[in-house]
Amino acid sequence: EAEVAQSPRYKITEKSQAVAFWCDPISGHATLYWYRQILGQGPELLVQFQDESVVDDSQLPKDRFSAERLKGVDSTLKIQPAELGDSAMYLCASSPSGGHTGELFFGEGSRLTVL
Amino acid sequence: QQQVKQSPQSLIVQKGGISIINCAYENTAFDYFPWYQQFPGKGPALLIAIRPDVSEKKEGRFTISFNKSAKQFSLHIMDSQPGDSATYFCAAFTSGTYKYIFGTGTRLKVLA
């Protein structure tokens, strides 16, 4: 069964360091999402891509966060510099577009701890 | 208007009991309402979903009830099992923008 791949699964970093997360969506899925999930809360959208284009990054803290999906396939989310409040699970999800059924497929997430 | 309100925050049910989780929304543009199940350390996985032209959908022990006029929908887990212990998120989706809004989650514990 096709899966959304994410790495690393766990990352511990010190405040002010740079971190990067990688996501490889299910093959053929044009829509890719990065979510942040704080413990005990629901996922919150950071950025949404349609192919290589950003559709929505209104909730992305652009002074420190950046995201790219250069060839419309895999994607990278970067934080520079990391802050204590960035400790969370970063979830990547993908979905097919066109005949979009609404189903969202999540990866297992990257858990970030900022010390 | 973009929020999805979910309750309760946590729920404890005896094995074999019925678990009920409720969600409410305001934006009538939402046209797909999924429920996701998340185990600790894992990403959410789709459990069951419904479109607003249907009032109920059942898959095994899981049922969604949908009340379009009240803008509410709920998840019922019949014959709850310890393996159902997880966090459940409702969500609302707009097909025009491919946007999902998630509820805050319900942590379910089913006692053996």
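Criteria and thresholds
Residues numbered from 1 in each chain as written. Chains lettered and ligands numbered in written order. Predicted model: local features only at pLDDT ≥ 70, side-chain atom pairs only at ≥ 80, totals over all residues. Heavy atoms only, no water. Helix = DSSP H or I, 4+ residues; strand = E, 2+ residues; numbered from the N terminus. Rg over C-alpha atoms; globule rule 2.2 N^0.38 Å. Contact = heavy atoms within 4.5 Å. Buried area = accessible area lost by both parts, 1.4 Å probe. Salt bridge = Lys/Arg side-chain N within 4 Å of Asp/Glu carboxyl O. Pairing = 2+ DSSP bridges. Axes fitted to C-alpha atoms, helices over the stretch in contact; angles between N-to-C directions.

Undergrad: Looking at this model, I keep getting lost on the overall build of chain B. Mind explaining?
TA: A tally of regular secondary structure across chain B gives zero helices and eleven strands. Traced from its N-terminal end to its C-terminal end, chain B shows the element sequence β-β-β-β-β-β-β-β-β-β-β. Computed over the C-alpha atoms, the radius of gyration of chain B is 13 Å, within 12% of the 13 Å expected from 2.2 N^0.38 for a compact globule of 112 residues. Projected onto its principal axes, the C-alpha coordinates of chain B cover approximately 45 × 30 × 20 Å. The contacts in chain B between residues at least 6 apart in sequence include a share of 52% that link residues at least 24 apart.

Undergrad: Just checking my understanding: could you explain the environment of Trp22 of chain A for this structure?
TA: Its place among the elements puts Trp22 of chain A in strand S3 (residues 19–24). Along the backbone, Trp22 of chain A and Lys78 of chain A are 56 residues apart, and their C-alpha atoms lie at a distance of 8.9 Å.

Undergrad: How should the interface of chain B and chain A be read in this particular structure?
TA: Note on interface size: it is often stated as the accessible area lost on association of the parts. Taken residue by residue, the interface counts 18 residues in chain B and 25 residues in chain A. For the chain B and chain A pair, buried surface summed over both sides reaches about 1700 Å², with 50% attributable to carbon and sulfur atoms. At the boundary of chain B with chain A, the tally comes to two salt bridges. In this structure, the salt-bridge partner of Asp56 of chain A is Lys99 of chain B, at a minimum N-O distance of 2.6 Å.

Undergrad: Is there a simple way to think about the sheet that holds strand S3 (residues 19–25) of chain B in this case?
TA: Sheets are built from strands paired through backbone hydrogen bonds, the pairs being either parallel or antiparallel. All names here are of chain B. What the five strands build is an open sheet, ordered S1-S3-S8-S7-S6; its pairing is antiparallel. Each having just a single partner strand, strand S1 (4–7) and strand S6 (56–59) make up the two edges of the open sheet. Between one strand and the next, the sheet's axes are offset by a mean angle of 15°, whatever the strand orientation. One ladder, built from six bridges, connects S3 with strand S8 (residues 72–77); its direction is antiparallel. Directly across from Ala24, in S8, lies its bridge partner Gln72.

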